[in-house]
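Survey of secondary and tertiary structure
The chain contents come next:
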Amino acid sequence: MSPAELLRQTSAAILAVRDEASATRLARLLVRRWAEADEEDRLTHLRYLASDLGPDQTALAAAITDYRDAPSPAAAVALSEAVEAPRQELLRRLNTAPGGTATVVEMRAELLARRAEIGDIGPTDHDMAHLLRSWFNLGFLRFERLTWDSPTSVLEKLIAYEAVHEIQGWDDLRRRLQGDRRCFALFHPALPGDPLIFVAVALTEGLATSVQDLLAPGDETTPPPGADTAIFYSITNCQAGLRGISFGSFLLKQVIDQLAAELPQIRRFSTLSPIPGLRRWLAQRDGASELSSPDPSIADLDAVRHELERAAAEYLTTCGPDGRPLDPVGRFHLRNGARVEQVNWMANATPVGLDRSLGMMVNYLYEPDQLETNHEALVNAGQIARSPAVQDLLDGGNSSPPAATEAAD
């Protein structure tokens, strides 16, 4: 019997039994068989979940008719039960086995990655995400600072997961955990030692305007004497199977509270963020102009610096037809109540930085007493909060960023 058929039979057996002990025993077996299956057998099983374990259409139609003809609390319950797909109960039972939660997260990651091979994954993904949101409720999460003394297995995962600025081995990781840095992560009891999300923080004097400076080698054992700013320079979601289940806002609020208590001299909380959609937006707006040439040199870009800075400010402060900020990174920070603080020229002069955003990066500023106001202005009126310097760029002025050691009040 093929591994795919064993997965199918085990799943059917889990749904057929009624006692919890038998269901948990079979769930353990399904966890093991999923782990042993190869890519093709896993794909076959995901297709089975999507095509064979949806709601019973005949029973659902009957429940709809019964509720329409005679609405009542009992008919509503019957309708709710008919709507629920059997795969939800399968996943709930799978969750009772050791490693079951991690298996569901892994299944969803493969479901999303192989959607083109599976077909319509919408209902299956909805069911998985619905359950994972409840299992990964914020109340279950553990907030932890990571240091060089953290378990090696956890530190290895930081190197593997880092998605914003690649960690170049152990020496680079040590630099990012030194005294002028902080790294915080969220963990879940079902995935011990495996972070869900982490944020890297640099403690600086004034706003950081260059990722090259932030990632430069150093041997600092304490924050700089004049450090007054916490720069969030990398936020990485670690679990592909938890995509769309947001932990970032909760993590940043925890970090701000922690740093404010630990280091009261830190008065400002900001990011140094990429602008991943900028170059594509410029290409769509300007076609084949000099702003979107295939491989612009830094000298070429310097020649149109002011025009590019103004374009970046426009992009960062514009909402699309759906009312959301155009830039995907901006959506996250602006919905959390941050404001667009400063456009930084040649802040990331790496090939990746030049390709995605022509070398520019942006500071989003988190002012605790303005977060709610900024959030409401965005969601209710589509208004994106911005600093006077960014507004000056939009108005056509030449607003160069202040020196990194100057802190605005």
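Presented here is a report on the structure given in the accompanying data block. Only a predicted model underlies this, so the values are computations on that prediction, with no experimental measurement involved.

Looking only at helices and strands, the protein chain has 20 helices and 7 strands in total. Taken over the C-alpha atoms alone, the protein chain extends approximately 70 × 50 × 40 Å along its principal axes. A buried classification covers 47% of the 409 residues belonging to the protein chain. Counting only contacts in the protein chain whose residues sit at least 6 apart along the sequence, the fraction spanning at least 24 positions is 73%. Put simply, the protein chain shows about 19300 Å² of open surface, and 51% of that area lies on carbon and sulfur atoms. A distance of 4 Å separates the average location of the 39 positive side-chain charges in the protein chain from that of its 57 negative side-chain charges.

What follows concerns the side chain of T10. Tracing the backbone through its elements, the reader meets T10 in helix 1 (residues 3-16). In this structure T10 comes out as buried when scored by relative accessible area, which is 3%. A polar contact of 2.6 Å, which involves the side chain of T10, links it to the side chain of R33.

Another aspect to go through is helix 10 (residues 152-161). Restricting attention to buried positions, one finds in helix 10 the residues V154, L155 and L158. Summarising the axial view, the buried residues of helix 10 lie within an arc of 100 degrees, below the 170-degree limit, and thus occupy one face. On its buried face, helix 10 sits against helix 11 (169-175), strand 2 (181-187) and strand 3 (197-204).

Here we come to the layout of surface pockets. Approximately 1300 Å³ is the volume attributed to the largest pocket. Along the wall of the largest pocket there are 46 residues; nearest its centre are V164, I235, N237, P274 and V329. Elements supplying a minimum of two residues to the lining of the largest pocket: helix 12 (211-214), strand 4 (229-237), helix 17 (328-335) and helix 18 (351-357). The residue inventory of the lining of the largest pocket, partitioned by class, reads 25 nonpolar, 16 polar and 5 charged. Within this model, the second largest pocket holds a volume of roughly 300 Å³. What lines the second largest pocket is a set of 21 residues, and nearest its centre among them are T204, E205, A208, D213 and L214. Among the secondary structure elements, those contributing two or more residues to the lining of the second largest pocket are strand 3 and helix 12. For the lining of the second largest pocket, the element with the highest residue contribution is strand 3, accounting for 3 residues. Split by residue class, the lining of the second largest pocket holds 9 nonpolar, 6 polar and 6 charged.

The rules we used
Residues numbered from 1 in each chain as written. Predicted model: local features only at pLDDT ≥ 70, side-chain atom pairs only at ≥ 80, totals over all residues. Heavy atoms only, no water. Helix = DSSP H or I, 4+ residues; strand = E, 2+ residues; numbered from the N terminus. Buried < 20%, exposed > 50% of the residue type's maximum accessible area, 1.4 Å probe, protein only. Contact = heavy atoms within 4.5 Å. Areas by Shrake-Rupley, 256 points an atom, 1.4 Å probe, with all protein chains shown as cover. Lys, Arg positive; Asp, Glu negative; His and termini not counted. Charge placed at Lys NZ, Arg CZ, Asp CG, Glu CD. Polar contact = N/O pair within 3.5 Å; in protein donor to acceptor, adjacent residues only side chain to side chain. Arc of directions from axis to C-beta. 1 Å grid on protein atoms, 1.4 Å probe; cavity = no way out; pocket = protein on both sides within 12 Å on 5 of 7 lines; lining within 4 Å. Points joined across faces, edges and corners; volume = space filled by probe spheres on them. Nonpolar A, V, L, I, M, F, W, Y, C, P; charged D, E, K, R; others polar.

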